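# Descriptive structure summary
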Amino acid sequence: MPKEAAYCMHCGIKQTVTETSRRWKSRGNGQGTVYKLPNGKYRATVTVKLYADDNGKVHRKTITRSFDKKKDAIAALPLLRLEPETHKKKRAAITFKELYDAWLPTHKKSKSTMDCYKSAFKYFQPVWYEHMEDIDIDDLQECVDTCGKGKRTQQNMKAVCGLVYKYGIPRNAVPSGLNLAEYLHVSGDGAAERESFTDKQIEQIRAILSKTRYADYVYCMIYLGFRPSEFLSLDISRYDHNNKCFIGGGKTTAGTDRLVTITPRIQPYIDEIVEARTEGVVFANDSGGHWTLKDFTEKVFYPVLDAAGIDNPIIEIAGGVKRHRYTPHTCRHTFATLMKRVDAPSKDKLALIGHTSEEMLRYYQGVNADDLRKITDKL
């Protein structure tokens, strides 16, 4: 608009603010905008809907919130886009990190307390970029167990996780509506005891490989050691045909793009999968696409255990949450248990499992495929 304009040439509204205060920062379509108010505060605004009245005039439905600082207003934009009732589908797709970033400017505590929360949240890095609908108690518990810190840090992890969930539940950003942080086990003295498959149970799964669809997926999951979300995201392009290994992993410093060699026990099944298709995820669903963790658990994992004759009762775990005894995470725990039997340097075992501690990263830098293969060949 012209600087001297007293009225808007489009809508006719009288202009009562200065040129500087009405400059809106350009952002991508649908991302919202932030601008400064005459009182010095910053307003975050997003358009959530366009609709026409009875006369055919188009109107915008917006959501606005005011903040003391510009950075807080910018950080709130993702959640503002997810607030409307008409955007429930989008809300379910928000990541843990996005939800945390939206919560952070809304929580007013002392600087020391907020610094503790920020520091504790770093140890949830393995699930930062996971959608809220794909995160379960095992994902969060593993972050606590492998943080490498004492009880106080683990308590802060549980606290900040709970605050983020409490913020997201009434905004429908948590599809289950369940605050998983309440069920986290804090000990400060090492990882909580986890279920693993016995040798007999692994053999039961192997026995149905030719009879039960997707049994090979579960069998491969046991011997690759990836987190469930990492396993389901493995892309064929990340398979090294020459060295017979995968290059994959999550968003952690230690786990990202780690080298995972393949044991001879599952090599024939991997070969069959990667030779049949040239692109896409390795362990695809019926349509060749990506499994959600929920669908994979209910449509693949549980049915395979049933077919193998493995009893999988509902049990009560830390904090009283009820779930099946065996979950897809059991495969990762089994992989770790199998590695205990192999005599090999700890740094190589940590490299295979994708340890999340940055302090441990320096310890196992320099590992190579030959060293890793000595372990997986003996599983």
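Residues numbered from 1 in each chain as written. Predicted model: local features only at pLDDT ≥ 70, side-chain atom pairs only at ≥ 80, totals over all residues. Heavy atoms only, no water.

### Structural notes on a positive patch on the surface
On the surface, a cluster of positive charge is contributed by Lys69, Lys71, Lys108 and Lys118. Looking at where Lys69 falls in the secondary structure, it is placed in the loop between β3 (58-67) and α1 (70-82). (Patch = residues over 30% accessible without salt bridge, like charges linked within 9 Å, V, L, I, M, F, W, Y side chains within 5 Å. Areas by Shrake-Rupley, 256 points an atom, 1.4 Å probe, with all protein chains shown as cover. Salt bridge = Lys/Arg side-chain N within 4 Å of Asp/Glu carboxyl O. Lys, Arg positive; Asp, Glu negative; His and termini not counted. Charge placed at Lys NZ, Arg CZ, Asp CG, Glu CD. Helix = DSSP H or I, 4+ residues; strand = E, 2+ residues; numbered from the N terminus.)

### Quick word on the environment of Ile202
Structurally, Ile202 is set in helix α7 (residues 199-207). The class for Ile202 is buried, based on a relative accessible area of 5%. Sequence separation between Ile202 and Tyr219 is 17 residues, and the spatial gap between their C-alpha atoms is 7.6 Å. Setting aside anything within four residues of it in sequence, one finds Ile202 in contact with Phe197, Tyr219, Ile222, Tyr223, Thr334 and Leu338. (Buried < 20%, exposed > 50% of the residue type's maximum accessible area, 1.4 Å probe, protein only. Contact = heavy atoms within 4.5 Å.)

### Structural notes on the packing of helix α3 (residues 96-103) against helix α4 (residues 111-121)
One can describe the packing of α3 onto α4 by two numbers: an axis separation of 13 Å at closest approach and a directional angle of 175 degrees. Taken together, the axes of α3 and α4 lie roughly antiparallel to each other. Between α3, through Phe96, Lys97, Tyr100 and Trp103, and α4, the contact on the second element is made entirely by Met114, Tyr117, Lys118 and Phe121. Here the contact of α3 with α4 is built from residues that sort into 6 nonpolar, no polar and 2 charged. (Axes fitted to C-alpha atoms, helices over the stretch in contact; angles between N-to-C directions. Parallel < 35°, antiparallel > 145°, perpendicular 65-115°, else oblique. Nonpolar A, V, L, I, M, F, W, Y, C, P; charged D, E, K, R; others polar.)

### Concerning helix α6 (residues 151-168)
If you check α6, its first and last C-alpha atoms are 26 Å apart, about what 18 residues at 1.5 Å a residue would give, namely 26 Å. Those residues of α6 that fall on the buried side of the exposure criterion are Gln154, Asn156, Met157, Val160, Cys161, Gly162, Val164, Tyr165, Tyr167 and Gly168. (Expected span 1.5 Å × (residues − 1).)

### Some thoughts on the state of the cysteines
Scanning the entire structure with this criterion turns up 0 disulfides. Considering cysteine sulfurs only, Cys161 is the nearest to Cys143, which forms no disulfide, with 8.7 Å between them. On the accessibility criterion, Cys143 (2% relative accessible area) is buried. (Disulfide = S-S within 2.5 Å.)

### Some words on the confidence of the model for the protein chain
The share of residues in the protein chain with pLDDT of 70 or more is 80%, and the mean pLDDT across the chain is 80. When pLDDT is averaged over each element of the protein chain, helix α8 (residues 215-224) comes out on top at 96 and helix α14 (residues 358-361) at the bottom at 40. Within the model, pLDDT remains below 50 along residues 85-92, and this stretch shows 17 contacts once partners closer than five positions in the same chain are excluded. The low-confidence segment residues 251-255, where pLDDT is below 50, has 20 contacts with residues more than four positions distant or belonging to other chains. (pLDDT = per-residue confidence, 0-100.)

### Side note on the packing of aromatic side chains
Taken as a whole, this structure holds 21 aromatic pairs when the rule is applied. Summarising the aromatic geometry, the rings of Tyr100 and Trp103 are spaced 5.7 Å apart at their centres and angled 40 degrees between planes, so their arrangement reads as tilted. Residue Tyr100 and its partner Trp103 are both found in helix α3; the two are separated by 3 residues, about one turn of the helix. The class of Tyr100 is buried, set by a relative accessible area of 5%. Judged by relative accessible area, which is 2%, Trp103 ranks as buried. Pairwise contacts between aromatic rings join Phe96, Tyr100, Trp103, Tyr117, Phe121, Phe124, Trp128, Tyr129 and Tyr165 into one cluster. One Lys or Arg, Lys97, reaches over the ring of Trp128 and ends 5.3 Å from the middle of that ring. The ring of Tyr167 is capped by Arg171, whose NZ or CZ atom sits 3.8 Å from the centre of that ring. (Phe/Tyr/Trp six-rings, centres within 6.5 Å; stacked < 30°, edge-to-face > 60°. Lys NZ or Arg CZ within 6 Å of the ring centre and 35° of its normal.)

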